[in-house]
Structures are given as structure tokens and as C-alpha cells.
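# An overview of the molecular structure
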Amino acid sequence: MKIGIDKIGFYTPHLYVDMKKLAVAREIEPEKFTIGIGQEKMALAPLTQDAVTLAANAALNILDEKDKEKIDLVIFGTESGIDHSKAAAIYVHHLLGLRSEARAFEIKQACYGATAGIQMAKGHIALNPESKVLVLGSDISRYGLNTSGEATQGAGAVALVISAEPSILAFEEQSAYVTADIMDFWRPIYSEAAFVDGKFSNEQYIQFFATAWAQYKAKTNLALKDFEAICFHLPYTKMGLKALKPVLLEEGSAADQERLLANYQVSTGYNRVVGNIYTGSLYLSLLSLLEQQEDLADGERIGLFSYGSGAVGEFFTGILQPGFRSHLNVVQHMDLLSSRAEVSVAEYEAIFQQTLPIDGTTVELDNTNDPAEIYLAGMTNNMRQYINKQTEDSIYS
Ligand code: HMG
């Protein structure tokens, strides 16, 4: 039985910052951000969007009634959770009107969370072939104003329906994974922003890829020639290239280098204008490749490298399924990206510093400018009030 990605949805908030303008404001040469880091735009979440709403909006766009009947497991990968106890998956389960006979929970391991969810989903489908699993990767990446990580922030979510006999990508069985206890990036529970040892995190990412790739080759006897493309977790679009290049130079023929570098470029397209969305970043890169590389063909093998600081890395693969293209939402995603509004650096700084009450007071948020179907309407008694405009369903009000 094949198990893999049957549907893939994406959502990012309607606001962005132009990286050239951010560079000028920070007295940095714009090319450092656009070429050195490889980012053009950075998605910005208004207060009306959080990890829950971003994920729910990503899923809303892909689920039909048949999916809703079959989804009996919702796994939410995030490191931007809104509650230390209750899982973000339960809010999304409610907002999407999923069946009550279901499991729903949240997973945390930095940017690796959604990949952990996928691996669990594979096991669930193997035991329950009629089921479908909704895996969500949703985050708001925050390092803080005027920090070296600032240029690698972003916001967005990817929603994946994992099923038997999938329409888009069937995962292969073998996978290679690595864990090591390192402090390259972390966010203590009292901090809104992440702490990072930037250079060390880059080195570790590269090392984890090299180790996982070596293990994968030993397990499978496959080589670079067997891959049409390799997608990476992309904290910024230069990062995957730094890991791929040494392997390509050492092991790749001229044809491998040309093909994999060209496809790498395509696979960075959406990430370049969204920024780091942590758990969803690898899958946003996969989406860029699938939706923007017109030469991809059924039966081709795609490699996927997932990295979550702290750290866990995993290299796994999938085979493109016949007719996969007709199951993508290219126009919808292009519209989502092109209809966003730019904010000035001053506006970004003001939005970035807005916070929700932490003393139980009631607040109503103005969503006039937020086009999202699902949004955070406010807070009361320490509870977030969510609204789905389509069903006019509101949680807890
Ligand atoms: P930095 O110190 O601001 O930048 O940190 P830099 O000095 O290293 O420069 C960056 C690049 O720009 C360099 O190129 C420069 O040469 C180039 P490289 O040597 O790397 O190829 N450059 C220029 N290029 C063209 N024209 C110019 C110019 N000037 C300089 N004029 C850093 C950059 C990414 C470290 C920082 O932004 C940071 O700490 N970001 C956050 C951490 C991060 O993204 N780490 C990545 C690996 S860890 C990971 O992926 C996990 C993560 O997603 C979290 C999770 O798992 O949850 C982060």
C-alpha cells in the first residue's frame, strides 16, 4: 500500500516587509539580505493571526466533505504554541468542523515537528488504511527587532492530508534520522523571541544533512543520480544550498549538479517571499517545486531534508504520483502571495510589538483589514476568541 501526501495547502498572512527596505533601515547593504541570505520579502502576522488561525486557513483551502469524514487524526507541529497545555490541534479541529471521533494533539521539536507528524501519520495509515490524517506545520518566526536573525523571520502554515493511495507524493519506506543535544537555537518558555547561535546553527544544519545523507545512502544504495530534486528546510533560501553544494561537488556528475541546482532554485521560490515558517518551511519548499517546476514528471523521486534545531534531522523521500499536478492549487497560492500588502519598516515595528492581554482583560481585535477566513477576534477571560467567517462559528464567545 502506498502512503503519502494526498493534498497540500498553504497560508500566509496578508502583510509583508520588503527586505531591501529593511536592510536600508538597519544600515545594511540590501544585497546581504537579497543575495547573502536570499530573502526578498518577509511575511508579517497581524495580531488577528496566530499559529492556530494560520494552520486553520491553510487547511480550509484544501479539505472537502469526504476528507472531513475520513480525518480521524490531527497532528499540529509548531513552536509558536498558544498554550502550554491545550493542543492547537483541538482549536483547528473545531474551526474546520472535523468529526469528533478523532485524535488531536500538538508536537514540538523546533522545525522538525511537522515531519514527526508525517512519520506518525504513516504509521496510523498503515494500521487504518481508510483513515486520513491532517498534519499541520504552522509558525510565526520571531528573533526580535534589530537582531541578526531578524532578516530570517516569517509567518505561515502548511496543511498536509496524508492518506493511502495518495494523489501527489507517495513516501518511500526508508528514512535516515539523527538526534544530538546541541544549543544552536532555542526559546525558553518565558521568551517571545528565539535565542540563536547563528553561525553554529548553520554549521550544525550542514553537518546533520551530511550525516543523514550518508546514512540514507548506506541504507538504500541510492545516489544523487536517482533524485530529480532535493527539498530542504529553508530558514532562509541560502541555507539548503550550503548543505547541498559540498555533497554535489563531491558526488555529483555534471548532469546531477545542473539538475539538482536548477531544481533547488525553483524549490526556494515561495520561501524567498515568505521567510522562515519553521515547521512548514520544508513543505513550503516542496510546494514551490511542485507548483513552479513544469518539467517534473510522474515517477520521479524527490528527497526531503527536515531539520529542527536542538536538534533532529531526517532525510526521507517520495515518488511523484500520476496526475499529481491536477491536485495542486497553483492559482490560489499565486493569488495569496500577490494580493498581500506591503507595510513600511515603521509599521512592521509597530505591529511586531503589539501584544495580547495577559491579565484576563477582554479585548476585541479589529479585523477590518485581515482578509483571512479564520481569524483571532479577541480575548476574554484568558481565552482566545476565534471566528470562521464561512460558518460564522465562533469559539467561546
Ligand atoms: P549574519 O551574521 O547577519 O550574516 O547572520 P553573515 O555575516 O553570516 O552574512 C550572511 C551572508 O551574506 C554571508 O554569505 C555573507 O557573505 C553575505 P555566506 O558566507 O553565508 O555565503 N553577504 C553579502 N552577500 C552579498 N552582498 C553583500 C553581502 N554582505 C554579506 N553586500 C544568520 C546570518 C543566518 C546566521 C542570521 O540571520 C541568523 O542567526 N538567523 C537565524 C538562525 C538560522 O536561520 N539558522 C539556520 C540554521 S538552523 C535552522 O535551520 C533551524 C531554524 O529554522 C529553527 C528551528 O529549527 O526551529 C532556525
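Treat the numbers as computed from the prediction; the structure is a model and nothing was measured. (Residues numbered from 1 in each chain as written. Predicted model: local features only at pLDDT ≥ 70, side-chain atom pairs only at ≥ 80, totals over all residues. Heavy atoms only, no water.)

Moving on, we get to the overall build of the chain. Counting its secondary structure elements, the chain contains 13 helices and 18 strands. Here the C-alpha atoms of the chain give a radius of gyration of 20 Å, agreeing with the 21 Å that 2.2 N^0.38 yields for 397 residues. Considering only C-alpha atoms, the chain reaches an extent of 60 × 55 × 40 Å along its principal axes. Contacts spanning at least 24 positions in sequence make up 74% of the contacts within the chain whose residues lie at least 6 apart. Carbon and sulfur atoms provide 51% of the accessible area of the chain, an area that totals close to 16500 Å². Each charge sign in the chain was given a centre, from 32 positive and 50 negative side chains, and these centres are 3 Å apart. (Helix = DSSP H or I, 4+ residues; strand = E, 2+ residues; numbered from the N terminus. Rg over C-alpha atoms; globule rule 2.2 N^0.38 Å. Contact = heavy atoms within 4.5 Å. Areas by Shrake-Rupley, 256 points an atom, 1.4 Å probe, with all protein chains shown as cover. Lys, Arg positive; Asp, Glu negative; His and termini not counted. Charge placed at Lys NZ, Arg CZ, Asp CG, Glu CD.)

Our next topic: the site of the ligand. Around the ligand sit 29 residues in total, of which Glu-79, Cys-111, Ser-148, Lys-199 and Lys-242 are the nearest. In the model, a nitrogen atom of the ligand is placed 2.8 Å from a nitrogen or oxygen of the Glu-29 side chain. Residue Ser-148 places a main-chain N or O atom 2.6 Å away from an oxygen atom belonging to the ligand. In the complex, 76% of the free accessible area of the ligand, which totals 1100 Å², lies under the protein chains. Of all elements in the fold, only helix H2 (30-37), helix H7 (198-220), helix H8 (237-251) and strand E12 (301-308) reach the threshold of two or more residues within the shell around the ligand. Among the elements that make up the shell around the ligand, the one with the highest residue count is H7 (5 residues). Taken together, the residues of the shell around the ligand sort by class into 11 nonpolar, 11 polar and 7 charged. Counting contributing residues, the shell around the ligand receives three or more from each of domain 1 (3-169 + 329-396) and domain 2 (171-323). (Near = heavy atom within 4 Å. Polar contact = N/O pair within 3.5 Å; in protein donor to acceptor, adjacent residues only side chain to side chain. Nonpolar A, V, L, I, M, F, W, Y, C, P; charged D, E, K, R; others polar. Domains from an automatic or database assignment.)

With that settled, the discussion passes to helix H5 (residues 88-95). Among the 8 residues that make up H5, 6 are buried, leaving the element largely enclosed by the rest of the structure. Burial in H5 covers these residues: Ala-88, Ala-89, Tyr-91, Val-92, His-93 and Leu-95. Next to the buried residues of H5 lie helix H3 (51-60), strand E4 (71-77), strand E5 (103-107), strand E6 (132-141), strand E16 (374-380) and strand E17 (383-388). Immediately beyond the C-terminal end of H5, within one or two residues, lies Gly-97, with a positive phi of roughly 70°. (Buried < 20%, exposed > 50% of the residue type's maximum accessible area, 1.4 Å probe, protein only.)

Before going further, it helps to spend a moment on the layout of surface pockets. Its boundaries defined by the atoms lining it, the second largest pocket holds a volume of some 660 Å³. What lines the second largest pocket is a set of 32 residues, among which Ser-148, Thr-152, Gly-198, Asn-202 and Tyr-236 lie closest to the centre. Secondary-structure elements contributing two or more residues to the lining of the second largest pocket are H2, H7 and H8. The class makeup of the residues in the lining of the second largest pocket is 14 nonpolar, 12 polar and 6 charged. (1 Å grid on protein atoms, 1.4 Å probe; cavity = no way out; pocket = protein on both sides within 12 Å on 5 of 7 lines; lining within 4 Å. Points joined across faces, edges and corners; volume = space filled by probe spheres on them.)

What follows deals with the packing of H8 against helix H9 (residues 254-267). Remark: H8 packs on H9, axes separated minimally by 11 Å, with the N-to-C direction vectors making an angle of 175°. As far as their axial angle goes, H9 and H8 are roughly antiparallel. When H8 is examined against H9, the residues Thr-237, Lys-238, Met-239, Gly-240, Leu-241, Leu-244, Leu-248, Leu-249 and Glu-251 are found in contact with a partner set consisting of Asp-256, Gln-257, Leu-260, Leu-261 and Tyr-264. For the contact of H8 with H9, the per-class residue count stands at 8 nonpolar, 3 polar and 3 charged. (Axes fitted to C-alpha atoms, helices over the stretch in contact; angles between N-to-C directions. Parallel < 35°, antiparallel > 145°, perpendicular 65-115°, else oblique.)

Turning to the side chain of Asn-388, a few remarks are in order. Assignment of secondary structure puts Asn-388 in strand E17. A distance of 2.9 Å separates the side chain of Asn-388 from the backbone nitrogen of Gln-390, its partner in a polar contact.

So, about the UniProt feature "domain: Hydroxymethylglutaryl-coenzyme A synthase N-terminal" (unreviewed entry) in the chain. On the UniProt side, "domain: Hydroxymethylglutaryl-coenzyme A synthase N-terminal" (unreviewed entry) is annotated at positions that read residues 2-164 here. In the segment residues 2-164, helix accounts for 33% and strand for 31%; the C-alpha atoms at its two ends are 6 Å apart. (UniProt positions renumbered as here; feature names shortened; annotations may be inferred.)

Turning our eyes to something else, we now look at the nonpolar core. Core analysis: the biggest nonpolar cluster contains 83 residues, and Leu-134 and Ile-162 have the highest contact counts within it. In this structure, this core is formed jointly by two domains, domain 1 (3-169 + 329-396) and domain 2 (171-323), each of which donates at least three residues. Membership of the second largest hydrophobic core comes to 43 residues, among which are Trp-213, Leu-222, Ile-230 and Met-239. (Core = buried A, V, L, I, M, F, W, Y, C linked by side-chain atoms within 4.5 Å.)

We now examine the domain arrangement of the chain. The domain boundaries assigned to the chain delineate domain 1 (3-169 + 329-396) and domain 2 (171-323). Using only C-alpha atoms to locate each centre, domain 1 and domain 2 end up separated by 21 Å. When domain 1 packs against domain 2, close to 4200 Å² is buried across both sides, 60% of that on carbon and sulfur atoms. Of all residues in domain 1, the largest losses of buried area upon contact with domain 2 belong to Cys-111, Tyr-143 and Leu-169, amounting jointly to 17% of the total for that side. Counting the contacts that link domain 1 with domain 2 gives 0 salt bridges. Our count for the domain 1 to domain 2 interface comes out at 28 residue pairs in polar contact (both at pLDDT 80 or more). Of all the elements in the fold, those that place two or more residues in the side of domain 1 that touches domain 2 are strand E1 (3-11), H2, strand E3 (41-44), helix H6 (113-127), E6, strand E7 (154-164) and helix H12 (330-338). A total of 7 residues in the side of domain 1 that touches domain 2 trace back to one element, the largest contributor, which is E7. (Buried area = accessible area lost by both parts, 1.4 Å probe. Salt bridge = Lys/Arg side-chain N within 4 Å of Asp/Glu carboxyl O.)

In regular strands, side chains alternate between the two faces of the sheet. E7 sits mainly inside the fold: 11 of its 11 residues count as buried. Pairing of E1 with E7, which is carried by 8 bridges, proceeds in the antiparallel orientation. Paired with Phe-10 across the strands is Val-158, a residue of E7. In terms of strand pairing, E6 meets E7 through 10 bridges, oriented antiparallel. Following the sheet pairing, Val-133 is matched in E7 by Ile-162. (Pairing = 2+ DSSP bridges.)

Burial of the side chains of strand E11 (residues 229-232) extends over both faces: Ala-229 and Cys-231 are buried on one face and Ile-230 and Phe-232 on the other. The pairing of E11 with E12 spans 4 bridges and is classified as parallel. Looking across to E12, one finds that Phe-232 is bridged to Phe-305.

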